Amino acid sequence: MNEYSEECLEIFLRKQGRLFDEPVAETLEEAEEFLEDCMAVVVNSLKEVQEYFEESGMDVSGLSYEELEEMSEVFPIGDGAYLIVEA
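Keep in mind that this is a model prediction, so the values were computed, not measured.

Student: Explain the pairing of strand β2 (residues 74-78) to me, please; I cannot follow it from the model alone.
Tutor: Sheet topology places β2 next to strand β3 (residues 81-84); four bridges connect them, and they run antiparallel. Residue F75 lies in a different strand from β3, and its bridge partner there is L83. The turn joining β2 and β3, which pair antiparallel and follow one another in sequence, is formed by two residues; a positive phi near 55 degrees is taken by D79.

Student: How do you make sense of the sheet that holds β3 when you look at a structure like this?
Tutor: Taken in spatial order, the three strands make up an open sheet running β1-β3-β2, and their pairing is antiparallel. A single partner strand is all that each edge strand has here, and the edge strands are β1 (41-43) and β2. For this sheet, the mean inter-axis angle between neighbouring strands, taken without regard to orientation, is 30 degrees. Contacting β1, β2 and β3, helix α1 (residues 6-15) runs over the sheet at an angle of about 135 degrees to β2.

Student: Where do I start with the pairing of β3 in this structure?
Tutor: Each regular strand carries side chains that alternate between the two faces of the sheet. Of the two faces of β3, the one carrying A81 and L83 and the one carrying Y82 and I84 are both buried. For β1 and β3, the ladder comprises three bridges, and the chain directions are antiparallel. Residue V41 lies in a different strand from β3, and its bridge partner there is I84.

Student: So what exactly am I meant to see when it comes to the side chain of Q16 here?
Tutor: As for its position among the elements, Q16 is in the loop between α1 and α2 (28-37). Apart from the residues lying within four places of it in its own chain, the contact partners of Q16 are P23, V24, A25 and F75.

Student: Got a minute to help me understand the environment of E36 in this structure?
Tutor: The residue E36 is located in helix α2 in this model. Note on E36: relative accessible area 25%, which makes it partly exposed. Put simply, E36 and L19 are 17 residues apart on the chain and 16 Å apart in space, counted from C-alpha to C-alpha.

Student: It is not clear to me how the side chain of Q50 should be interpreted in this structure. Could you clarify?
Tutor: Among the secondary structure elements, Q50 is positioned in helix α3 (residues 46-55). Setting aside chain neighbours within four positions, we find Q50 in contact with V60, Y65 and L68.

Reading the values: rules and limits
- Residues numbered from 1 in each chain as written.
- Predicted model: local features only at pLDDT ≥ 70, side-chain atom pairs only at ≥ 80, totals over all residues.
- Heavy atoms only, no water.
- Pairing = 2+ DSSP bridges.
- Helix = DSSP H or I, 4+ residues; strand = E, 2+ residues; numbered from the N terminus.
- Axes fitted to C-alpha atoms, helices over the stretch in contact; angles between N-to-C directions.
- Contact = heavy atoms within 4.5 Å.
- Buried < 20%, exposed > 50% of the residue type's maximum accessible area, 1.4 Å probe, protein only.

Put into structure tokens, the structure is as follows:
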């Protein structure tokens, strides 16, 4: 089970609309449960975001780091870290 920081959960709650048409969580507890259920991951850099998608079989070789950061599945959480939610 992943441990998500409170900051990570709060950012997901605020920005979940970039990935979903309707809210999937309304509280920190619901957000954590949802992220655990969909096996969301936290990585420490855009390079790791790129590596994650490549390992998942997605061809992101032509995308810049800026384009990776703009993907709806990628949530910047500060200090260079990113939450990746594939739902």
